[in-house]
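Listed below, chain by chain, are the residues.
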Amino acid sequence: MSDELLNIRDLNVHFPVNRGLFKKSDDYVKAVNGVSLSVNKGETIGIVGESGCGKSTLARTIVGLEKPTSGDILFEGESITSYNAKQMHQLRRDIQMVFQDPFTSLNPRMKVGDIIAAPLRAYNKTNHLERRVKELMELVGLNPDDHYNRLPHEFSGGQRQRIGIARAIALEPKLIICDEPVSALDVSVQAQVINLLEDLQKELNITYVFIAHDLSLIKHIADKVGVMYLGEMMEMSDSDSFYRNARHPYTNALLSAIPLPDPDREKNREQIVLNGELPSPANPPSGCVFHTRCPLARDYCKENTPLMETKGSNDHYVSCFFPIESDTLDEFGKSVGKQPD
Ligand SMILES: Nc1ncnc2c1ncn2[C@@H]1O[C@H](COP(=O)(O)OP(=O)(O)OP(=O)(O)O)[C@@H](O)[C@H]1O
Ligand code: SF4
Ligand SMILES: [Mg+2]
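Residues numbered from 1 in each chain as written. Chains lettered and ligands numbered in written order. Predicted model: local features only at pLDDT ≥ 70, side-chain atom pairs only at ≥ 80, totals over all residues. Heavy atoms only, no water.

The name given to the chain in an unreviewed UniProt entry is ABC transporter ATP-binding protein, and the organism recorded there is Lentibacillus juripiscarius. As recorded by UniProt, the Sequence similarities (unreviewed entry) comment attached to the chain reads in full: "Belongs to the ABC transporter superfamily." (UniProt positions renumbered as here; feature names shortened; annotations may be inferred.)

**Q** When you look at the nonpolar core in this model, what are you seeing that I'm missing?
**A** Buried together is how nonpolar side chains tend to be arranged in soluble globular proteins. Within the largest apolar cluster, 62 residues are counted, with the highest numbers of intra-cluster contacts made by Leu-215 and Ile-218. Sort the elements by how many residues they give to this core and helix 7 (residues 187-204) lands first, with 6 residues. Two domains each provide a minimum of three residues to this core, namely domain 1 (4-222) and domain 2 (228-328). Contact partners of Leu-215, with chain neighbours within four places excluded, come to Val-48, Val-225, Val-227, Phe-242, Tyr-243, Thr-251, Leu-254, Leu-255 and Ile-258. (Core = buried A, V, L, I, M, F, W, Y, C linked by side-chain atoms within 4.5 Å. Buried < 20%, exposed > 50% of the residue type's maximum accessible area, 1.4 Å probe, protein only. Helix = DSSP H or I, 4+ residues; strand = E, 2+ residues; numbered from the N terminus. Domains from an automatic or database assignment. Contact = heavy atoms within 4.5 Å.)

**Q** How should I be thinking about the site of ligand 1 in this particular structure?
**A** Around ligand 1, 14 residues are found, and the nearest of them are Ser-51, Gly-52, Lys-55, Ser-56 and Thr-57. In the model, an oxygen atom of ligand 1 is placed 3.2 Å from a nitrogen or oxygen of the Cys-53 main chain. Contact distances for ligand 1 include 3.0 Å between an oxygen atom and a backbone N or O atom of Gly-54. The protein chains hide 64% of the 630 Å² of surface that ligand 1 would expose on its own. If you list the elements that add at least two residues to the shell around ligand 1, you get strand 2 (28-40) and helix 1 (55-62). Split by residue class, the shell around ligand 1 holds 5 nonpolar, 6 polar and 3 charged. (Near = heavy atom within 4 Å. Polar contact = N/O pair within 3.5 Å; in protein donor to acceptor, adjacent residues only side chain to side chain. Areas by Shrake-Rupley, 256 points an atom, 1.4 Å probe, with all protein chains shown as cover. Nonpolar A, V, L, I, M, F, W, Y, C, P; charged D, E, K, R; others polar.)

**Q** In this structure, what is going on with the sheet that holds strand 12 (residues 317-318)? I would like to understand it.
**A** In a beta sheet, neighbouring strands pair by backbone hydrogen bonds and run either parallel or antiparallel. Ordered by their spatial adjacency, 8 strands build an open sheet running 6-7-8-3-9-10-12-11, and the pairing between neighbours is mixed. Of all the strands in the sheet, the pair left with one neighbour each is strand 6 (95-98) and strand 11 (309-310). Relative to strand 12, strand 11 runs antiparallel, the two sharing 2 bridges. Bridged to Glu-309 within strand 12 is Val-318. Along the sheet face, helix 2 (residues 85-94) touches strand 6 and strand 7 (175-179) and points at about 60 degrees away from the line of strand 6. (Pairing = 2+ DSSP bridges. Axes fitted to C-alpha atoms, helices over the stretch in contact; angles between N-to-C directions.)

**Q** In this structure, what is going on with the sheet that holds strand 1 (residues 4-16)? I would like to understand it.
**A** Taken in spatial order, the 4 strands line up as 2-1-4-5 in an open sheet, and their pairing is antiparallel. Only two strands of the sheet have a single partner each, and these edge strands are strand 2 and strand 5 (78-79). Note: strand 1 against strand 4 (residues 70-75), 5 bridges, orientation antiparallel. Bridging from a neighbouring strand, Asn-7 pairs with Leu-74 of strand 4.

**Q** I keep staring at the site of ligand 2 and nothing clicks. Help me out?
**A** Near ligand 2 the following residues occur: His-248, Pro-249, Cys-288, Phe-290, His-291, Cys-294, Leu-296, Ala-297, Cys-301, Cys-320, Phe-321 and Phe-322. Of the residues that constitute the shell around ligand 2, the class distribution is 10 nonpolar, 2 polar and no charged.

**Q** How should I be thinking about the domain arrangement of the chain in this particular structure?
**A** A common way to express how large an interface is: the accessible area buried when the components associate. Each domain of the chain was delimited in the assignment, giving domain 1 (4-222) and domain 2 (228-328). Just the C-alpha atoms count here: the centres of domain 1 and domain 2 sit 27 Å apart. Each side of the interface is counted separately: domain 1 has 26 residues, and domain 2 has 19 residues. When the buried surface of domain 1 facing domain 2 is broken down by residue, Glu-50, Cys-53 and Leu-215 rank first, second and third, together holding 33% of it. Summed over the shared surface of domain 1 and domain 2, the number is 1 salt bridge. Note that Arg-293 is salt-bridged to Glu-50, the shortest N-O span being 3.2 Å. On the surface where domain 1 and domain 2 come into contact, there are 8 residue pairs in polar contact (both at pLDDT 80 or more). At the level of secondary structure, the elements contributing two or more residues to the side of domain 1 that touches domain 2 comprise strand 2, strand 3 (44-48) and helix 1. No other element matches the 9 residues that strand 2 contributes to the side of domain 1 that touches domain 2. (Buried area = accessible area lost by both parts, 1.4 Å probe. Salt bridge = Lys/Arg side-chain N within 4 Å of Asp/Glu carboxyl O.)

**Q** I tried to follow the packing of aromatic side chains on my own but got confused; where do I start?
**A** With the rule as written, the count across this model stands at 7 aromatic pairs. A centroid spacing of 5.2 Å and a plane angle of 70 degrees characterise the contact between Phe-242 and Tyr-243, whose relative ring orientation is edge-to-face. Through successive ring pairs, a cluster of aromatic residues spans Tyr-229, Tyr-250 and Phe-290. When the ring centre of Tyr-148 is taken as origin, the NZ or CZ atom of Lys-134, which lies over that ring, is 5.0 Å away. The residue whose ring lies beneath Lys-219 is Tyr-243, and the NZ or CZ to ring-centre distance is 5.4 Å. (Phe/Tyr/Trp six-rings, centres within 6.5 Å; stacked < 30°, edge-to-face > 60°. Lys NZ or Arg CZ within 6 Å of the ring centre and 35° of its normal.)

**Q** How do you make sense of the pattern of salt bridges when you look at a structure like this?
**A** If the charged atoms of two oppositely charged side chains come close together, the side chains can form a pair. Summed over the entire model, instances satisfying the criterion amount to 11 salt bridges. Here Asp-114 ties to Arg-121 by a salt bridge, and the two come within 3.5 Å at their closest N and O atoms. Since its relative accessible area comes to 43%, Arg-121 is described here as partly exposed. Counted as one network, the salt bridges with shared partners bring together Glu-76, Asp-94 and Lys-174.

**Q** Please explain helix 1 as it appears in this structure.
**A** Note: α-helices contain 3.6 residues per turn, so residues at a spacing of three or four share the same orientation. Judged by how many residues are buried, helix 1 sits mostly within the fold: 6 of 8 residues are covered. By the burial criterion, the buried members of helix 1 are Lys-55, Thr-57, Leu-58, Ala-59, Thr-61 and Ile-62. Gly-64 sits one or two residues past helix 1 and shows a positive phi near 90 degrees.

Set out below in structure tokens:
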């Protein structure tokens, strides 16, 4: 039996640009444009990119909250893109979501016990309901006796995210899409929540799609990493190869922004600052979408569109005509050597 849980093939999610009342639009925001990825059971794929690059749209499409324009999503080998409402309802037991903002994603008028019980009630899993909810609270580090009857506003951001996680694992899902689950939390709390997610993964064999802004945040949790830019995947590989042999100029710039632990080395290195502004996803550049900001761009890149291809190592995909030579990176993925001619 295959270990693959999720396989996304050439996914496009395009939204019509609103040109005002009654005016039909021929323009589209290509929020997700030709994205492919796969993730095995019990693994974590990290998806990183700047604001507006399509991370949440990808997440929402996997859980069925957006319809793909084209492409396919396979879950346990079966296409789910044309599921009807009833099939989707069943699937939602297996695919859950943890949201970025623990302040708005919990109903402020519901007690914590009821919030966590809601998915169990929705699927008629009401046997020993209170006991099950209290077990879940314990699993995520909440105090079942003290917290069960409290309201969300009585909790800190980190605790609220624990409530959101308890709700997400209540139905024992196979896949959880975490859409920037720690971005709204203090740095000191971020690691605690990530550790909790890792512990739950080991205990319950959950697979994660973990979305983040920051490559350093997912370095330890992700088995595989993908970088998105303007709706497209720029680079994807297993975590080791990604952080040691990043080949795409965009990844290289993102990695150069991560502070090095050694202050002497940190002092001596340069951060790669990208040219210009992030283009609008409604009007992306021609050719390689990154060419307007790429330090290595050539005229060829303005006219021609690179494809995600393996460059050298097997499962390391890069969408670039002139990728950086892999042996020019230090152990934190920072380029230290020459660029291609
Ligand atoms: N329902 C929608 N209708 C029209 N455009 C949309 C819709 N949802 C998203 N978009 C657009 O699609 C693009 C990608 O948005 P998305 O929210 O997926 O990005 P993101 O990577 O999650 O950004 P952030 O890091 O800010 O959360 C943006 O330009 C956004 O404005
Ligand atoms: S194809 Fe050209 S513009 Fe695009 S990332 Fe590679 S070098 Fe830069
Ligand atoms: Mg988002």
